[in-house]
There are 4 protein chains.
Amino acid sequence: MSIAQQQKKTTVRRMLYMNLDPSAWPKAGLSWLNILIAVLVVICVVSVVLETEPLLEQNYSRIFLVINQFFLYIFTIEYIVRVWVMAEHHAFKGPFGRIKYMCTLPALIDLVTVLPFWFGAGSEILLLRILRLLRILKLARIPAVSLALRRIFCALSSRKMELLLSVFFAFLLMLIAAITLYLLEGSAQPEAFGSIPRALWWGMATLTTVGYGDVFPVTSLGKVAAGLYAFAGIGLVAMPTGIFAAAMTEVIGKKSDLSDVIEQSK
Amino acid sequence: MSIAQQQKKTTVRRMLYMNLDPSAWPKAGLSWLNILIAVLVVICVVSVVLETEPLLEQNYSRIFLVINQFFLYIFTIEYIVRVWVMAEHHAFKGPFGRIKYMCTLPALIDLVTVLPFWFGAGSEILLLRILRLLRILKLARIPAVSLALRRIFCALSSRKMELLLSVFFAFLLMLIAAITLYLLEGSAQPEAFGSIPRALWWGMATLTTVGYGDVFPVTSLGKVAAGLYAFAGIGLVAMPTGIFAAAMTEVIGKKSDLSDVIEQSK
Amino acid sequence: MSIAQQQKKTTVRRMLYMNLDPSAWPKAGLSWLNILIAVLVVICVVSVVLETEPLLEQNYSRIFLVINQFFLYIFTIEYIVRVWVMAEHHAFKGPFGRIKYMCTLPALIDLVTVLPFWFGAGSEILLLRILRLLRILKLARIPAVSLALRRIFCALSSRKMELLLSVFFAFLLMLIAAITLYLLEGSAQPEAFGSIPRALWWGMATLTTVGYGDVFPVTSLGKVAAGLYAFAGIGLVAMPTGIFAAAMTEVIGKKSDLSDVIEQSK
Amino acid sequence: MSIAQQQKKTTVRRMLYMNLDPSAWPKAGLSWLNILIAVLVVICVVSVVLETEPLLEQNYSRIFLVINQFFLYIFTIEYIVRVWVMAEHHAFKGPFGRIKYMCTLPALIDLVTVLPFWFGAGSEILLLRILRLLRILKLARIPAVSLALRRIFCALSSRKMELLLSVFFAFLLMLIAAITLYLLEGSAQPEAFGSIPRALWWGMATLTTVGYGDVFPVTSLGKVAAGLYAFAGIGLVAMPTGIFAAAMTEVIGKKSDLSDVIEQSK
């Protein structure tokens, strides 16, 4: 192999590496290759989700077969290319660099979503491919997304303890509501309120205001108690919302932080 | 035609034009003619909505016929008058000005809600008249409304990325919830949880706290998981609410912007 | 009648007047007499509400009879005393002052909740007594309540237009959702989605996240559309909440206003 | 007993006391012993909750028996140790100090959750052990938790009157909604809307957006009214959320308070 060939190979590898590894991409945002992969991942997940539906699977089994084969080839090629180009990364240089890369979590996840299917794995473990969705998280490299994410997590973590307390209050209220209804309704509806765990199912549905309607009190006392707890449930929604709103107001108000974050993401 | 007649015609046209085109109206707000049209549009939409109801249509078919005829004449006259007076608008001056106007989107929408009925179109395409509702948007010309609208859109667009992220988190949570319940409940209730798309229907109803109650888990494990996801669903409501509340606080706090907007809307 | 007797009568009348008319009460808050009346009004409303229940009415009809007679006497005495003492009020002085007072709205409401029962009116118009609930509004005279009320109304009125717009958006979204489901589900479920008004019932239940579960789409397309609208419904809750939260933040932030209000309420 | 023994006993007692009484613990947070007790209390509560379930109780009655015996011994030992070490506390010094301690509320609650079971009390009063959950509240001694708790309670108490008013408005709206539906739907559905108390059950489910779906209007007028009240119900959720969000924003904004609280909790 001549030096020219060698050089050409390195150039191709370098270019592919820069396109595949978001941290090596010189411009803001993601490379077109990574955006394409993100789109393919979304299509793959939608396909996996739809394939679990028996009615669709029966009628369009051949289409799903083609799609699955297509993604198997695509993901296999992607995996091989990634292993090949990772030698460009400073952490995976040297003779054992590629094996080192293959042992990282992202590489193992990629392998897991590819390997079983070459050994005849059926559609029942196709669900593994949903793990590819983690690839989407790389979109967080886009500066605007990263800034917004940082604001949300900053708001959540600055009021972490208040939010945990509101979750604790919610569970406490649910427990008290369940015990009350167990005592008031247990004899009238043993099937639905005959034990605290059963009453907790009602308590959950009521306090989160989901209200499936499969269980609800029928006695007068039970209805009065349920009504009062349902009203208290509004506070259960209001508390985390209010805490998060206040935290966001605080985070947005800190203009200095904002510019720091923008500078860092540049 | 004498000059006096010509002048009179111009004066009538000018007056009608100023009354019909909100941008030509010299005072704040809308002209009485435009308000009247807005009211007629609302009545027309209510009538169209009610006419789809078979019980009403059977008993009051003659009343609906009269109303439809009335609106056909009104809207036709309005269309013709609009075309006629648009020569006053600087953009539609000249010999082909009116044809140019007739090719604009608003004029085409007006035509579509009128023309088919002259050629015997039945009530089945009466729904087209709901497009007239777009006319209501002209109320946004009222300064107070325009200022409020601008505040809301300013708040939404300043936190666009955070809101999009919370929508993304919501869909992700829904997908994870659906996969969990598909795995836990799929065998117990194949009709409701036998595939991920089916479980998504449950996930949607639970996480948005709508809770129709047509599907819900029946196994113990499924109920525990559903309860935890329902609690997580509160965060799904809290996140966009908190982000929007913080954005509104920010927008309202900017007094300078406010006066700018007021000045612009004058 | 001697001067002493005359004077004594005036003193009693003056004292009763000061106790009955909140604006004449020299101290902060309400007089004990007015608080007693407020409590009686609440008991009366609870009794009226419970009496509509056939099961209670059958078993405890005599108790309700006694309670009703009791309130009839109490309210009649109150009415007569009020008319008598109102001569102390500067606006109702002079020979026709009392007749003038009897023609005011509060006096007429009081009369309407008393008079019919002296002429043998049955329990069917007992509901009239709920009008007495308006009397509770006088609690707003307590400075702390009045300040809180003022803050809420100040917040609501400062963002009136934004809140109205969010109501408008909500109705628009509901209309669009109903039309969509009418088109997608109308043929599959004519009973529930066979007309736009019927689909509006579903749209209301879904977008407000009430979710009775009496109607819901059954076709795949209908379910997908319903899911998307249910998610949009979260925005419908988030928008007014966010606007009101921002308005409250603004109102609370204005410390100067607060002290003004406190001063005014003194 | 020699002095050395005496001293050793005192040292053990002192050490146990410092570990058991959170206020005597010299470091920040809770002692490991108290954290262990908190964990045991949570396990005990979970066990009590699960034991009410007949299906579990039948199959695992022996496991529950063992767990109950285990907690009986643990809690008895804990009680005796607490009484013994409390002599270290300055308030319970002296000959009658321990009796004085045994008469305090926490000691009586501890006794009540232990004593009956030594006298053969069955599982039916096992629910008493849930009172032990109060022990968890001692976690509030951890500075970060105490600060967060203080912020939440500070926010709630600073806007106490506004929150109470929003609860009052909610009840008023519910009453008006119930009366409306009682009048509109009472004759069509006497079972569900035949009295105001019955209509209140519907009103509660609708305005809190729980929507069990056991009762809902069927007449056209009833549905229109229900729809409008359901929309008004959004305001019912928005009002306390907005008030609490504004209060939290205010509390967080007061940086001075924060440092005060941190200093106090040191």
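These numbers come from a predicted model, not from an experiment.

Draft legend 1. Geometry of the overall build of chain A. Of regular secondary structure, chain A possesses 13 helices and zero strands. Order of helices (α) and strands (β) in chain A, N terminus to C terminus: α-α-α-α-α-α-α-α-α-α-α-α-α. For a compact globule of 266 residues, the expected C-alpha radius of gyration is about 18 Å, and chain A comes in at 27 Å, more than 25% above that figure. Overall, the C-alpha framework of chain A stretches about 90 × 60 × 30 Å when taken along its three principal axes. By the burial criterion, 32% of the 266 residues in chain A qualify as buried. Long-range contacts, defined here as pairs at least 24 residues apart, represent 61% of the contacts in chain A between residues at least 6 apart.

Draft legend 2. How the structure looks around the relation of the copies chain A and chain C. Turning chain A through 180 degrees and shifting it by 0.0 Å along the axis lays it on chain C, with an RMSD of 0.1 Å. Given the turn and translation reported, the copies of this chain are related as if by a two-fold rotation axis. Taken together, the interface assignments show that 100% of the residues at the interface of chain A recur at the interface of chain C, consistent with an identical surface on both copies.

Draft legend 3. The interface of chain A and chain B, seen in detail. Taken together, the contact between chain A and chain B spans 31 residues of the former and 32 residues of the latter. Put simply, the parts of the chain that give the side of chain A that touches chain B at least two residues each are helix 2 (32-51), helix 8 (143-158), helix 11 (196-207) and helix 12 (220-253) of chain A. The dominant element in the side of chain A that touches chain B, judged by the number of residues it contributes, is helix 12 of chain A, at eight residues. The residue inventory of the side of chain A that touches chain B, partitioned by class, reads 21 nonpolar, seven polar and three charged.

Draft legend 4. Region of interest: the relation of the copies chain A and chain B. Mapping chain A onto chain B leaves a residual RMSD of 0.1 Å; the transformation is a rotation of 90 degrees accompanied by 0.0 Å of translation along its axis. Taken together, the rotation angle and the small translation identify this as a four-fold axis.

Draft legend 5. Broad picture of unusual backbone geometry. Residues and elements named next belong to chain B. Non-glycine residue T209 carries a positive phi angle of around 60 degrees. Structurally, T209 is set in the loop between helix 11 (196-207) and helix 12 (220-253). Given 27 C-beta atoms within a 10 Å radius, T209 is considered buried.

Draft legend 6. View of the environment of T206(A). Structurally, the position occupied by T206(A) is in helix 11. Separated by 23 residues in sequence, T206(A) and Y229(A) place their C-alpha atoms 7.9 Å apart. Not counting residues up to four positions away in its chain, the partners in contact with T206(A) are G211(A), A226(A), Y229(A), A230(A), G233(A) and V210(D).

Draft legend 7. Quick look at the domain arrangement of chain A. With domains assigned, chain A is organised as domain 1 (3-140) and domain 2 (152-265). Here domain 1 of chain A and domain 2 of chain A have C-alpha centroids that lie 40 Å from each other.

Draft legend 8. Representation of the interface of chain A and chain C. With five residues of chain A in contact, the opposing surface of chain C contributes five residues. Here the side of chain A that touches chain C is built from residues that sort into one nonpolar, four polar and no charged.

Draft legend 9. Spotlight on the packing of helix 1 (residues 3-20) of chain A against helix 4 (residues 61-85) of chain A. Residue and element names in this part refer to chain A. Look at helix 1 against helix 4: their axes get within 9 Å of each other, and the N-to-C directions meet at 115 degrees. Comparing the axis directions of helix 1 and helix 4 gives the class roughly perpendicular. For the pair helix 1 and helix 4, the sense of crossing is left-handed. Contact residues: R13, L16, Y17 and L20 in helix 1; V81, R82, W84 and V85 in helix 4. Here the contact of helix 1 with helix 4 is composed, by residue class, of six nonpolar, no polar and two charged.

Draft legend 10. Geometry of helix 2 of chain A. Taking 1.5 Å as the rise per residue, helix 2 of chain A with 20 residues should run 28 Å; its terminal C-alpha atoms sit 28 Å apart, in good agreement. Of all the residues in helix 2 of chain A, the buried ones are I37(A), V41(A), C44(A), V48(A), V49(A) and E51(A). Along helix 2 of chain A, the residues classed as buried sweep out an arc of 160 degrees about the axis, all on the same side. Structural note: helix 2 of chain A exposes W32(A), L36(A), V39(A) and V46(A) on the side pointing more than 90 degrees away from its buried face. Turning to helix 2 of chain A, the residues buried within the fold contact helix 3 (54-59) and helix 4 of chain A together with helix 11 of chain B.

Draft legend 11. Inspection of the confidence of the model for chain A at higher detail. Residue and element names in this part refer to chain A. With 93% of its residues at a pLDDT of 70 or more, chain A shows a mean pLDDT of 85. Looking across chain A, the model is least confident in helix 13 (residues 255-265), with a mean pLDDT of 46, and most confident in helix 11, with 94. Low pLDDT, under 50, characterises residues 258-266; the predicted model gives this stretch six contacts beyond four residues in sequence or across chains. Of the two predicted TM-score estimates for the complex, the pTM is 0.88 and the ipTM is 0.87.

Draft legend 12. Molecular detail of the packing of helix 8 (residues 143-158) of chain B against helix 12 of chain B. Residue and element names in this part refer to chain B. Running from N to C, helix 8 and helix 12 cross one another at 120 degrees; their axes reach a closest spacing of 9 Å. The angle between the axes of helix 8 and helix 12 places the two elements in the oblique class. Along this stretch, helix 8 crosses helix 12, giving a crossing that reads as right-handed. Touching R151, C154, A155 and S158 of helix 8 are F244, A247, M248, E250 and V251, all from helix 12. When grouped by side-chain class, the residues that make up the contact of helix 8 with helix 12 number six nonpolar, one polar and two charged.

Draft legend 13. Spotlight on the environment of G242(A). Inspection of the secondary structure puts G242(A) in helix 12. In this structure the C-alpha to C-alpha distance between G242(A) and L163(A), which are 79 residues apart in sequence, comes to 9.9 Å. Apart from the residues lying within four places of it in its own chain, the contact partners of G242(A) are T241(D), F244(D), A245(D) and M248(D).

Draft legend 14. Structural detail: the environment of L127(C). Within the fold, L127(C) resides in the loop between helix 7 (115-118) and helix 8 (143-158). Sequence separation of L127(C) and P54(C) is 73 residues, and the distance between their C-alpha atoms is 15 Å.

Each value, and the rule that gives it
- Residues numbered from 1 in each chain as written.
- Chains lettered and ligands numbered in written order.
- Predicted model: local features only at pLDDT ≥ 70, side-chain atom pairs only at ≥ 80, totals over all residues.
- Helix = DSSP H or I, 4+ residues; strand = E, 2+ residues; numbered from the N terminus.
- Rg over C-alpha atoms; globule rule 2.2 N^0.38 Å.
- Buried ≥ 20, exposed ≤ 12 C-beta atoms within 10 Å, placed from the backbone.
- Contact = placed C-beta atoms within 7 Å.
- Least-squares fit on C-alpha atoms with pLDDT ≥ 70 in both.
- Nonpolar A, V, L, I, M, F, W, Y, C, P; charged D, E, K, R; others polar.
- Domains from an automatic or database assignment.
- Axes fitted to C-alpha atoms, helices over the stretch in contact; angles between N-to-C directions.
- Parallel < 35°, antiparallel > 145°, perpendicular 65-115°, else oblique.
- Left-handed = near helix turned anticlockwise from the far one by under 90°.
- Expected span 1.5 Å × (residues − 1).
- Arc of directions from axis to C-beta.
- pLDDT = per-residue confidence, 0-100.

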